[in-house]
Amino acid sequence: MQRTQVDYGSLNAMVALSNVQLGRTIWHFLREQGIGGGRLVTSARDAVVRMERARFSLFFVDYELPDFGGVDFIKFIRMVDGPMSEAFVVMVIPNPDKEKVWAARDAGAHEILGLPLTAKLLHGRLNHMIGNPKPFIRAASYIGPCRRREVVKIHHGVERRKNGSGGPGGMRRAS
């Protein structure tokens, strides 16, 4: 369930895709949603140059991005100083398979989209991702959004296992 209304006007997007036609399609979709601003680039080197001049809060990254690849580019985004390191990142994978999806997830992508894309799919995923942001994790081996897919419920109440009463692990032995 979406918590807040997505304000596309407050977002500055970078669309970094080697496929120019797909990049323009996504860019036009974002413009129709009222995106605040952004850039369309076709290589990781151009993306890094643009990142030096502007701050981005949303990235679309091609898995096969020229120069050093989409996975390494996401890792770069996660290691920059400032709020841009916690920007929303969507990885676009032309021919997704298990290894590519895991690599994108482990690099710190918020969402992973396979091709072909539809406007309905794109709209739904963006609204969910931005409207329900996941906690951001900074650990020695991972920087990115929490990778858990389910909400972990925390028990609030009496911990029965501590006092030895109730529950399978806290049953008292008969004497």
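For clarity, every value in this text was computed on a predicted model and none was experimentally measured. (Residues numbered from 1 in each chain as written. Predicted model: local features only at pLDDT ≥ 70, side-chain atom pairs only at ≥ 80, totals over all residues. Heavy atoms only, no water.)

(A) Examining the side chain of Ser43 more closely. Note on placement: Ser43 falls in the loop between strand 2 (37–41) and helix 2 (44–53). One polar contact links Ser43 to Asp67, side chain to side chain, over a distance of 3.4 Å. Once you skip the residues sitting within four places of it in the chain, Ser43 turns out to touch Leu65, Pro66 and Asp67. (Helix = DSSP H or I, 4+ residues; strand = E, 2+ residues; numbered from the N terminus. Polar contact = N/O pair within 3.5 Å; in protein donor to acceptor, adjacent residues only side chain to side chain. Contact = heavy atoms within 4.5 Å.)

(B) Representation of helix 5 (residues 119–131). Here helix 5 spans 17 Å end to end across 13 residues, near enough to the 18 Å set by a 1.5 Å rise per residue. All of the buried residues along helix 5 are Leu122, Leu126, Asn127, Met129, Ile130 and Gly131. Among the structural elements, helix 1 (20–33), strand 3 (58–62), strand 4 (88–93) and strand 5 (111–114) are those in contact with the buried residues of helix 5. (Expected span 1.5 Å × (residues − 1). Buried < 20%, exposed > 50% of the residue type's maximum accessible area, 1.4 Å probe, protein only.)

(C) Geometry of the packing of aromatic side chains. Under the criterion given, the structure shown has 3 aromatic pairs. The interplanar angle of 75° and the centroid separation of 6.2 Å between the aromatic rings of Phe59 and Phe73 together place this pair among those described as edge-to-face. Residue Phe59 is located in strand 3, and its partner Phe73 is located in helix 3 (residues 70–79); the two are separated by 14 residues in the primary sequence. An angle of 20° between the planes, with centres 6.4 Å apart, marks the rings of Phe73 and Phe76 as stacked. Of this pair, Phe73 and Phe76 both sit in helix 3, 3 residues apart, roughly one helical turn. Its relative accessible area of 0% is what places Phe73 among the buried residues. Through a chain of ring-to-ring contacts, the aromatic side chains of Phe56, Phe59, Phe73 and Phe76 assemble into a single cluster. Sitting over the ring of Tyr142, Arg147 keeps its end group 4.1 Å from the ring centre. (Phe/Tyr/Trp six-rings, centres within 6.5 Å; stacked < 30°, edge-to-face > 60°. Lys NZ or Arg CZ within 6 Å of the ring centre and 35° of its normal.)

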